[in-house]
Amino acid sequence: MKTHGVNGVRPFSAIIDACWRDPYTVQRFLKDVIAGITVGIIAIPLAMALAIASGVPPQYGLYTSAVAGIVIAVTGGSRFSVSGPTAAFVVILYPVSQQFGLSGLLIATLMSGVFLILMGLARVGRLIEYIPISVTLGFTSGIGITIATMQIKDFFGLTVDVPEHYIDKVAALANALPTISWADTLIASVTLAVLILWPRLGLRLPGHLPALLAGTAVMAALSWAGYSVATIGSKFHYLMPDGSSGQGIPPILPQFVLPWNFPDASGQPFVLNWSTISALLPAAFSMAMLGAIESLLCAVVLDGMTGRKHHSNSELLGQGLGNLAAPFFGGITATAAIARSAANVRAGATSPVSAIIHSILVILALLVLAPALSYLPLAAMSSLLLLVAWNMSEAHKVVDILRRAPKDDIIVMLLCMSLTVLFDMVIAITVGIVLASLLFMRRIARMTRLTDIANSSNDSDSCLALRISGPLFFAAAERIFNELTHRITGKTVIVLQWDAVPVLDAGGLSALQRFIDTLPEGVEVINCDIQYQPLKTLARAKIKPVAGRLSFYSTLDEALAAAKR
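Cut-offs and rules
- Residues numbered from 1 in each chain as written.
- Predicted model: local features only at pLDDT ≥ 70, side-chain atom pairs only at ≥ 80, totals over all residues.
- Heavy atoms only, no water.
- Helix = DSSP H or I, 4+ residues; strand = E, 2+ residues; numbered from the N terminus.
- Buried < 20%, exposed > 50% of the residue type's maximum accessible area, 1.4 Å probe, protein only.
- Contact = heavy atoms within 4.5 Å.
- Areas by Shrake-Rupley, 256 points an atom, 1.4 Å probe, with all protein chains shown as cover.
- Lys, Arg positive; Asp, Glu negative; His and termini not counted.
- Charge placed at Lys NZ, Arg CZ, Asp CG, Glu CD.
- Domains from an automatic or database assignment.
- Salt bridge = Lys/Arg side-chain N within 4 Å of Asp/Glu carboxyl O.
- Phe/Tyr/Trp six-rings, centres within 6.5 Å; stacked < 30°, edge-to-face > 60°.
- UniProt positions renumbered as here; feature names shortened; annotations may be inferred.
- Patch = residues over 30% accessible without salt bridge, like charges linked within 9 Å, V, L, I, M, F, W, Y side chains within 5 Å.
- 1 Å grid on protein atoms, 1.4 Å probe; cavity = no way out; pocket = protein on both sides within 12 Å on 5 of 7 lines; lining within 4 Å.
- Points joined across faces, edges and corners; volume = space filled by probe spheres on them.
- Polar contact = N/O pair within 3.5 Å; in protein donor to acceptor, adjacent residues only side chain to side chain.
- Expected span 1.5 Å × (residues − 1).
- Core = buried A, V, L, I, M, F, W, Y, C linked by side-chain atoms within 4.5 Å.

The name given to the protein in an unreviewed UniProt entry is Sulfate transporter ychM, and the organism recorded there is Leminorella richardii.

Set out below in structure tokens:
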């Protein structure tokens, strides 16, 4: 018996049923435990690094993986997705945190959760199929470029205040190069080298932890030699509920706090009113759009890896609930992470239990490893994000499109990439989709053409028999009927075969009516082989035969016979 929810969104019981419809054995549980631990090792440093890149202390990234990771795993529509903070959000979250502080960022996350829930209830999950790859590759590559640029400061230990706009940012970083710290650069280089070389060893342990350990070892040696290096503990401080303070990451579980009770960017109490909500609305919508796109793309990738099928609208609903719950525990925006989810599948995950175990491991790291995590150098964290940015840019796909794709797709991809870097993702996606749609319509319109029907027009100089091939829609119909008007000179009978016309829209109908209305006296148009959709459109428009002017036949043979008569 099938269970259906509101607007086709499956209720939680049905989602959980689908995830565990196979017998859940001890062997499956052990596989999920191994996969969860593997992904947790990757997620702990990445969650901290992404929180720092988003402009907030690292513990809030861990809170996101812990809270949103569990909620989305239980309620989402993809059984293998692992959710948490992702690199794609950095370009949106950082400006919000700088302008509105942590409180504004959490409220924007809350609002994005509402948007995602509404998307799921409105059943827009399948619309991801209508976003061209040139658009998605363009804005993800642009995000990768932006993230990589943001890491230059910590990678080289530069002393500089980084501006908001990209061009100013590049100029400021270039001017600050004389302040380079060779200690930070060495730590970052060693960490990055381990991250790049580790996969070649063929070990199942992810390279994130060994790379951070290598970078920390280099930092310890440099500290012993008298060099000062920035760490999580030296940069971030926290205040405990009892009033005591500390450095680095607080060793406590996420606490329930109303998002608007955190301070704003200036450290003052956040003022929640309609003005601030209106100011945060564009960022919240951007978060929701990006979260929807990334989570559904991730689900599609996992479907290809596992042969399973996800439930797109349920996934949007789960992502919305996760982003609705996380801000009340200090969690920032979360979505399905493609790299972590793919690692989850490769590690042998069989159900959402692995994602839950990954979140439990993050919670344990908060309680047990917080003092140790405070010693991690910021330069090493920047190396992690550099590799994430490189993977996100998908440079090999960009090069492949530049080499082999049609010119239209190349233009759309480069435009989306440039707009993402110079402005923001929403502008890039909007312009990219509009431009891609217009170029696609132009391409389809060019495919609609008129061709002579072989040997049919040789019987009489007064008869012209033509076949229309392609959709007669607004972008093509005017050109087709203008061409037809020029070709009917001296003809008294025009036979039009419609067997290759799949679509007739309002624009095509209007062009057809104008063509009929402007026919010279004594000229008749005979139509035949009209397909279902165009025939239905003609019937709804009440286009009827007119003796000696307009007629309709079922087959070409009947039309040609009528033309001879």
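Here the narrative resumes, following the displayed structure.
Some details on the overall build of the protein
What the protein contains, in helices and strands, is 22 helices and 9 strands. Taken along its principal axes, the extent of the C-alpha atoms in the protein is 105 × 60 × 55 Å. Burial statistics for the protein: of 565 residues in total, 52% are counted as buried. Within the protein, contacts between residues separated by at least 24 positions form 80% of all contacts whose residues are at least 6 apart in sequence. Accessible area for the protein stands at about 26000 Å²; split by element, carbon and sulfur atoms hold 64% of it. Side chains of the protein give 37 positive and 32 negative charges; the mean places of these two sets differ by 6 Å.

Some words on the domain arrangement of the protein
The domain architecture assigned to the protein consists of domain 1 (13–437) and domain 2 (449–564). Computed from C-alpha atoms alone, the centre-to-centre distance between domain 1 and domain 2 is 57 Å.

Thoughts on the pattern of salt bridges
Taken as a whole and judged by the stated rule, the model has 8 salt bridges. Arg443 is paired through a salt bridge with Asp408; the nearest N and O atoms lie 3.3 Å apart. Taken together, the residues Arg443 in helix 18 (residues 425–447) and Asp408 in helix 17 (residues 407–422) connect sequence positions 35 residues apart. When its relative accessible area of 33% is taken as the criterion, Arg443 is described as partly exposed. You can call Asp408 buried: its relative accessible area is 10%. A salt bridge links Glu478 to Arg514; the nearest nitrogen and oxygen atoms lie 2.3 Å apart. Here the residue Glu478 occupies a position in helix 19 (residues 474–487), and Arg514 occupies one in helix 20 (residues 506–517), the gap between them amounting to 36 residues. Accessibility expressed as a relative area gives 36% for Glu478, which makes it partly exposed. Residue Arg514 is classed as partly exposed on the basis of its relative accessible area, which comes to 38%. Via salt bridges that share partners, Asp408, Arg442 and Arg443 belong to a single interconnected network.

Topic: the environment of Leu212
Mapping Leu212 onto the fold places it in helix 8 (residues 208–224). Classification of Leu212 by relative accessible area gives buried; the value is 4%. With near-sequence residues (within four places) excluded, Leu212 lies in contact with Pro45, Thr191, Leu376, Ala380, Met381 and Leu384.

Concerning the packing of aromatic side chains
The full count for this structure, using the stated rule, is 9 aromatic pairs. Taking the centre distance of 6.2 Å and the plane angle of 85° together, the rings of Tyr60 and Phe262 count as edge-to-face. Placement of Tyr60 in helix 3 (residues 59–75) and of Phe262 in the loop between strand 3 (245–247) and helix 10 (274–306) is noted, with a sequence separation of 202 residues between them. Of the two residues examined, Tyr60 and Phe262, each falls in the buried class. Between the aromatic rings of Trp260 and Phe328, the centroid separation amounts to 6.4 Å while the plane-to-plane angle is 80°, which identifies the pairing as edge-to-face. Taken as a pair, Trp260 in the loop between strand 3 and helix 10 and Phe328 in the loop between helix 11 (312–325) and strand 4 (335–336) lie far apart in primary sequence, 68 residues in all. Owing to a relative accessible area of 30%, Trp260 belongs among the partly exposed residues under this scheme.

Regarding the UniProt feature "transmembrane region" (unreviewed entry) in the protein
Per the UniProt record, "transmembrane region" (unreviewed entry) is found at residues 33–53, 100–118, 130–152, 172–197, 209–230, 279–302, 360–390 and 410–440. The distance separating the terminal C-alpha atoms of residues 279–302 is 36 Å; by composition the span is 100% helix and 0% strand.

What about a nonpolar patch on the surface?
The grouping of Ile167, Leu415, Leu422, Phe423, Ile427 and Val431 at the surface amounts to a nonpolar patch, some 510 Å² of accessible area in total. Of all the secondary structure elements, the ones that give two or more residues to the nonpolar patch are helix 17 and helix 18. Tracing the backbone shows Ile167 in helix 6 (residues 166–175).

Details of the layout of surface pockets
What the second largest pocket holds in volume is close to 1300 Å³. In terms of lining, the second largest pocket is formed by 50 residues, of which the most central are Gly55, Val56, Pro57, Tyr60 and Phe236. At the level of elements, helix 2 (26–53), helix 3, helix 4 (90–121), helix 5 (133–156), strand 2 (237–239) and helix 15 (378–393) are the ones that each hand at least two residues to the lining of the second largest pocket.

Observations concerning the side chain of Ser83
Relative to the elements of secondary structure, Ser83 occurs in strand 1 (residues 83–84). You can call Ser83 buried: its relative accessible area is 3%. Of the polar contacts made by the side chain of Ser83, one reaches the side chain of Gln319; its length is 3.3 Å. Setting aside its immediate chain neighbours within four residues, Ser83 contacts Ser65, Gly69, Ile72, Gln319, Thr335, Ala336, Ala337 and His358.

Some words on helix 13 (residues 353–368)
A rise of 1.5 Å per residue sets the reference length of helix 13, with its 16 residues, at 22 Å; its end C-alpha atoms lie 22 Å apart and thus fit the reference within 8%. Among all positions in helix 13, only Val353, Ser354, Ala355, Ile357, His358, Ser359, Val362, Ala365 and Leu366 are buried. In this structure, the buried side of helix 13 is in contact with helix 2, helix 3, strand 1, helix 12 (338–346) and helix 14 (370–373).

Describing the nonpolar core
Residues Met48, Leu62, Ile232 and Met287 are the most contacted members of the largest nonpolar core, which totals 88 residues. A total of 13 residues in this core trace back to one element, the largest contributor, which is helix 4. Setting aside residues no more than four positions away along its own chain, Leu62 makes contact with Ile44, Ala47, Met48, Ile249, Val362, Leu366 and Leu373. Leu484, Trp498, Phe515 and Ile530 belong to the second largest nonpolar core, which has 27 residues in total.

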